[in-house]
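For reference, the chains in residue letters:
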Amino acid sequence: MPAEPTVPAMRSDTIKKGDARAGHRSLLRATGVGEGDWDKPFIAICNSHVDIIPGHVHLQEVGNYVKECVRAAGGVPFLFNTIGVDDGIAMGHNGMKYSLPSREIIADSVETMIEGHRFDGMICIPNCDKIVPGMFMGAMRVNVPTIFVSGGPMEAGKTEDGKPIDLIDAFIAGAKRQNGQISAEELDAIEKAACPTCGSCSGMFTANSMNCLAEAIGMALPGNGTILATSADRKRLYRDAATRIVAMAKDYGKKGIGHGLLPREIATSTAFDNAMVLDMAMGGSTNTVLHILAIAYEAGVAFTLDRINELSKLTPNICKVAPSSNYHIEDVARAGGIHAILGEIARGKPGLLDLACSTVTGKTLGENIAEYDVRGKLANATAKLLTKVRPGGERTTVAWSVPAVSDAANSQVAGVALLDAEGEDEVPIETDGFDPFDVIRPVDRAYSSEGGLTVLKGNLAPEGAIVKTAGVDPKMMVFTGPAVIFESEEDAYNGIVFDKVKAGDVVVIRGEGPKGGPGMQEMLAPTTAIKGVGLGDRCALVTDGRFSGGTAGASIGHVSPEAAVGGPIALIQPGDLIAINIPAGTLEVKVSDEELAARKLNWKKPTPRFTKGYLGKYASMATSAHTGAILKWD
């Protein structure tokens, strides 16, 4: 009589239990699965190690360490890798067209691996730009227990005189050199100093913004976004993530849907609100808007630009990081990290954050803040020690080259505990001129009463556009000027560098949206060129493309609908007056509705730039930025 089929207790039982799975088990044994592993959860480790991205060059070692930690925690680890595109290296040429589309490949890869092999849980190890949201989107689709634990941020560079610099300084210096403003020797010195270590680039650019938002949304452990890639303190995060994911997978095997800690159970509408409140508070990248909209879509959550704008109006901007200041992520870590920002918002704007939201720690967001906000009364010893993490100051591509502080000798932890017992709750006073209360300000000393991002609408952007308000010079908040139009990002860069743009102009770059680009190229080259030729506070830029997280200035992107589908940006003519009013939230072209309608009648849909290969396929399905540039094919 044939054996009764086994009822799965874990997803992975589908591929490892029952007589019918003898062939499956035979294959699994060939991968190293042992006789004691069949009742353990199978854990996928989704790594993004690629050698050409500094944020990922060190992740092979990280992935192998996480694998060891999962095994030690009682799980069976299986490591796989995704692709990645380095936005900085892809910048300014056709390679950038592949950056945003790579997000979809990564999401599809995660879905394919998890569903094809019936894993019980997943640890995601992303670090840069499209890789973080791509893994997030995949995690929302498969909805198995998942923890994000990034590779960590890069140390800031230092010039010979000790000034902190980063990748954006290198781009600006390149434009200055082309424009004859600096010498070859000056350019060489900046270029060699700007990116000193492995890790995601050191400012509040897209990668670091997304890694920080992962903490607020509840999918990453405290410290994920700010502990430096070079610090051995990240090992604690990896160990904790491994222990936690095995426990979550076992609980999921017992309880199934309703487990309470699945990605779609954590990433609720209020969790997305929390993430965007953090983004507004710290003046994050405009790209986070694009990605949060796409992640929410995959999570089945209705989340819109209008909701983001509502939150911006309610959220004070209390933290400015490069490119909006001279501070870098290492300074945010030293000031207390993301939970110090969340703590200041919770104290200064009660009710704005939903503190009851679940997180992968097994505790609520409010409980995490209580433990990890070093400015609160209940902060734990580890949180306080993590403010002592410092850059190593040595060029390296190796993870964990700087000794840990959180795993210091027991006497050090005991010493912090003793200070707690004696009632010394305050953050220690710094003695080297560093002011943590300037890096992360209390609400009553906010840079502005509203958030670091603003949604603009008007006859030029009926479905919306986005600007990083935190990076805009005050005198550029209201600005009107004639349009100087470029039909590609490359033409715009050359036009700016070679004096086709003057003070008072509005640079318009169109045909670079998700469908038109295709791929919605980042405009870091034109925006840094504007700074490089001395027009940073004297002209604006408007585009249906997007910006690097390193962009600052009056740079308005994500104009929707995009030019490729006949949006109003396609109808602008040279010299049309463009009126920008950021406080009022408007973006207008000073042309009558009748004239725009007449121009629309004469508009012809442009011939697609790509009709074959991945970009041809992507362009045929891409939607405008106000939807998160998601793909639709029905």
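Residues numbered from 1 in each chain as written. Predicted model: local features only at pLDDT ≥ 70, side-chain atom pairs only at ≥ 80, totals over all residues. Heavy atoms only, no water.

### Details of the pairing of strand S13 (residues 577-581)
Part 1 of the argument: Pairing geometry for strand S9 (residues 478-486) and S13, over 5 bridges, is antiparallel. Each bridged residue has a counterpart across the sheet, and for Pro-482 the counterpart in S13 is Leu-577.
Part 2 of the argument: Summarising the sheet, S13 and strand S14 (residues 586-589) pair through 4 bridges and their orientation is antiparallel. Within S14, the residue paired with Ala-579 across the bridge is Glu-588.
Part 3 of the argument: In textbook terms, the turn of a hairpin is the stretch between consecutive antiparallel strands, and for S13 and S14 this stretch comprises 4 residues, one of which, Gly-585, has a positive phi near 75°. (Pairing = 2+ DSSP bridges. Helix = DSSP H or I, 4+ residues; strand = E, 2+ residues; numbered from the N terminus.)

### Digging into the layout of surface pockets
Gaps between atoms show up when a probe of the same size as a water molecule is rolled over them.
Part 1 of the argument: Taken as a whole, the largest pocket holds about 500 Å³ of empty space.
Part 2 of the argument: Looking at the largest pocket, it is lined by 27 residues, and the ones nearest its centre are Thr-469, Ala-470, Gly-471, Val-472 and Asp-473.
Part 3 of the argument: Looking at side-chain class alone, the lining of the largest pocket contains 9 nonpolar, 12 polar and 6 charged residues. (1 Å grid on protein atoms, 1.4 Å probe; cavity = no way out; pocket = protein on both sides within 12 Å on 5 of 7 lines; lining within 4 Å. Points joined across faces, edges and corners; volume = space filled by probe spheres on them. Nonpolar A, V, L, I, M, F, W, Y, C, P; charged D, E, K, R; others polar.)

### Structural notes on empty space enclosed by the protein
Part 1 of the argument: Applying the stated criterion across every chain yields a total of 5 cavities of 30 Å³ or more.
Part 2 of the argument: The volume enclosed by the largest cavity comes to roughly 150 Å³.
Part 3 of the argument: Around the largest cavity, the lining is made up of 16 residues, and of these Gly-223, Thr-226, Gly-336, Gly-337 and Leu-386 lie nearest the centre.
Part 4 of the argument: Elements supplying a minimum of two residues to the lining of the largest cavity: helix H16 (338-348) and helix H18 (381-386).
Part 5 of the argument: Looking at the lining of the largest cavity residue by residue, the class counts come to 9 nonpolar, 6 polar and 1 charged.
Part 6 of the argument: Of the volumes computed, that of the second largest cavity is approximately 60 Å³.
Part 7 of the argument: Among the elements of the structure, helix H22 (524-532) and strand S11 (540-543) are those that each provide at least two residues to the lining of the second largest cavity.
Part 8 of the argument: No other element matches H22, which puts 3 residues into the lining of the second largest cavity.
Part 9 of the argument: For the lining of the second largest cavity, the residue count by class is 7 nonpolar, 4 polar and 1 charged.

### A few points about the sheet that holds strand S3 (residues 121-125)
Part 1 of the argument: Taken together, 4 strands build an open sheet; the order of strands is S2-S1-S3-S4 and the sheet is parallel. In this open sheet, the two edge strands, each paired with only one partner strand, are strand S2 (76-81) and strand S4 (146-148). Averaged over neighbouring strand pairs, the angle between their axes works out to 20° when direction is ignored.
Part 2 of the argument: Two strands pair when backbone bridges link them, and strand S1 (residues 42-47) and S2 are joined in this way by 6 bridges, in the parallel orientation. Within S2, the residue paired with Ile-43 across the bridge is Pro-77.
Part 3 of the argument: Sheet strands touched by helix H6 (residues 131-142): S1, S3 and S4. Its angle to S4, the strand with the most contacts, is close to 170°. (Axes fitted to C-alpha atoms, helices over the stretch in contact; angles between N-to-C directions. Contact = heavy atoms within 4.5 Å.)

All we've got here are geometric facts, nothing functional implied.
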